[in-house]
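Close look at the chain arrangement
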Amino acid sequence: MMIYKTIIIEDEHRLREALSIMLEMVSNDTIQIIGYAESVDEAKKMIDRLKPDLVFMDIMLKDGTGFEVLQGLSFHSFHLIFTTAFEQHAVNAFKYSAIDYLLKPIDPLELKMAIERIAVLEEKVLEKQQLAELQTNLSKTPDRLVLPTQEAMYVVKLDQILRCETSGSYTTFFLTDGRKIMVSKPLKNYEDILLSPMFFRVHQSHLINVNSILSYSREGMVHMNDKSVVPISRGKKEQFFKLMKDEI
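To start, this report covers the structure provided alongside it. Residue indices begin from 1 for each chain and proceed along its sequence in written order. At least 70 in pLDDT is required for a residue's local features to be given in this predicted model, at least 80 for side-chain atom pairs to be given and counted, and no such filter applies to totals for whole chains, interfaces and linings, which use all residues. The side-chain numbers reported here are obtained from all heavy atoms of the structure, hydrogens and water having been left aside.

**Quick look at helix α2 (residues 40–50)**
Definition in use: Each residue's exposure class comes from its accessible area (1.4 Å probe, protein chains only) as a fraction of the maximum for that residue type: buried when under 20%, exposed when over 50%, partly exposed otherwise. Helix and strand definitions follow DSSP, with helices as H or I runs of at least four residues and strands as E runs of at least two, each counted in order from the N terminus. Relevant arc is that of directions from the helix axis to the C-beta atoms, nothing else. Here, residues are in contact when the closest pair of their heavy atoms is within 4.5 Å.
For α2, every residue scored as buried is listed here: Val40, Ala43, Met46 and Ile47. Around the axis of α2, the buried residues are gathered within 135 degrees of arc, so they sit on the same side. Turned more than 90 degrees away from the buried face of α2 sit Lys45 and Arg49, all of them exposed. Contacts from the buried residues of α2 go to β1 (4–9), β2 (31–37), β3 (54–58), β4 (60–61), β5 (64–65) and α3 (66–71). Immediately downstream of α2, the backbone of lysine 51 shows phi near 50 degrees, a positive value.

**Quick look at the packing of aromatic side chains**
What counts here: Ring geometry is summarised as follows: Phe, Tyr and Trp rings, the Trp one being its six-membered ring, pair when their centres sit within 6.5 Å, and such pairs are stacked at plane angles under 30 degrees, edge-to-face over 60 and tilted between the two. Comment: the charge-over-ring label is applied if NZ (Lys) or CZ (Arg) is within 6 Å of the ring centre and within 35 degrees of the ring normal.
Counted under the stated rule, the structure contains seven aromatic pairs. Aromatic side chains tyrosine 216 and phenylalanine 241 sit 6.0 Å apart centroid to centroid with 35 degrees between the ring planes, which places their arrangement in the tilted category. Of the two residues, tyrosine 216 is situated in strand β15 (residues 213–216) and phenylalanine 241 in helix α7 (residues 237–243); the sequence distance between them amounts to 25 residues. With relative accessibility at 26%, the residue tyrosine 216 sits in the partly exposed group. Here phenylalanine 241 falls in the buried class, since its relative accessible area comes to 6%. Counting every residue linked through ring pairs, the aromatic cluster contains Phe200, Tyr216, Phe240 and Phe241. For the cation-ring pair, arginine 163 lies above phenylalanine 174, with the distance from its terminal atom to the ring centre recorded as 3.8 Å. The lysine or arginine in question, lysine 236, covers the ring of phenylalanine 200, its NZ or CZ lying 5.8 Å from the ring centre.

**A few points about the pairing of strand β12 (residues 180–183)**
Rules: Criterion used throughout: strands pair if DSSP finds at least two bridges between them.
A one-sided burial pattern is seen for β12, the buried positions being Ile181 and Val183 and the unburied ones Lys180 and Met182. One ladder, built from four bridges, connects strand β11 (residues 170–175) with β12; its direction is antiparallel. Pairing of threonine 172 across the sheet is with methionine 182, part of β12. Between β11 and β12, which pair antiparallel and follow one another directly, the connecting turn spans four residues, one of which, glycine 178, has a positive phi of 95 degrees.

**Focus: the sheet that holds strand β17 (residues 229–231)**
Backbone-to-backbone hydrogen bonds pair the strands of a sheet. The strands run either parallel or antiparallel. Worth spelling out the cut-off: As a rule, the C-alpha atoms of each element are fitted with a line to give its axis, helices using only the stretch in contact, and angles between N-to-C directions run from 0 to 180 degrees.
Here we have three strands laid out as an open sheet, ordered β15-β16-β17, and antiparallel in their pairing. The open sheet has two edge strands with one neighbour each: β15 and β17. Across the sheet, the mean angle separating the axes of adjacent strands is 25 degrees when strand polarity is ignored.

**Some remarks on the environment of valine 222**
Mapped onto the secondary structure, valine 222 falls in strand β16 (residues 221–224). On the basis of relative accessibility, which here comes to 0%, the residue valine 222 falls in the buried class. Through-space distance from the C-alpha of valine 222 to that of valine 202 is 9.0 Å; in sequence the pair is 20 residues apart.

**A look at a nonpolar patch on the surface**
Put simply, the rule is: Like-charged residues within 9 Å of one another, or nonpolar side chains (Val, Leu, Ile, Met, Phe, Trp, Tyr) within 5 Å, are grouped into patches, provided each residue has over 30% relative accessible area and no salt bridge. The method behind every accessible area is Shrake-Rupley, applied with a 1.4 Å probe, and residues are considered shielded solely by the protein chains displayed. The salt bridge criterion pairs a side-chain nitrogen of Lys or Arg with a carboxyl oxygen of Asp or Glu, the two atoms within 4 Å.
Together, Val146, Met153 and Val155 make up a nonpolar patch on the protein surface, roughly 290 Å² of accessible area in all. Note on placement: methionine 153 falls in strand β9 (residues 153–157). With relative accessibility at 56%, the residue methionine 153 sits in the exposed group.

**Regarding the sheet that holds strand β10 (residues 161–167)**
Read across the sheet, five strands follow the order β12-β11-β10-β14-β13 without closing on themselves; strand pairing throughout is antiparallel. The open sheet has two free edges, formed respectively by β12 and β13 (199–203), since each of these has just one partner strand. Each strand of the sheet is rotated relative to its neighbour by a mean of 20 degrees, with strand direction disregarded. Direction of pairing for β13 relative to strand β14 (residues 206–209): antiparallel, over a ladder of three bridges. Of the residues in β14, the one forming a bridge with histidine 203 is histidine 206.

This is the structure in structure tokens:
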């Protein structure tokens, strides 16, 4: 259960006490009052110092307005509920993205609904954050593969893979350090990961790291850094030469 660290900004002591009692009655222990302020300057300092989750802001203070408090803050990451006896301030209040605007005397039911609205809003924000995080993770290109063999699970960075050669349901990974790792899976199982700008499938049986190409011929043979020679299939030549920015 979320506990909202709360500051009450109200210049009338009686109203501060009444709001505190009412919050205790309707909030289901979700409100923790961490401070009170009754002037513009005091409110600014308290918000910036205590960094609350929620602020109840009286609009008309003894030395200015709640709007002046908001315009002079360094810390802005809190929910805001205005409290006032003057309805004409409502439009301006919502320009500051207030959760609610409560008229004095405050109705306990309206206060309860305002607090519940915060929970609904935070849930929506959390859902958006989770979706954005998921989309970000899905869009990231992994930088390594786990290659399972009978002997071990090999963790290989993508830039260590010089080329791959598949035969039936087996694929051999040739690494830049000279190792060969054979896995009992066809190349198509890895193609979605490896078909990034770093890799190109030049042939049904061969996928290469384009950064490890030593040279290639017009006839369609690729010479790799490990001195291996890989054929380019007829159907892949045009795409390969375009990738390599060759004008052939």
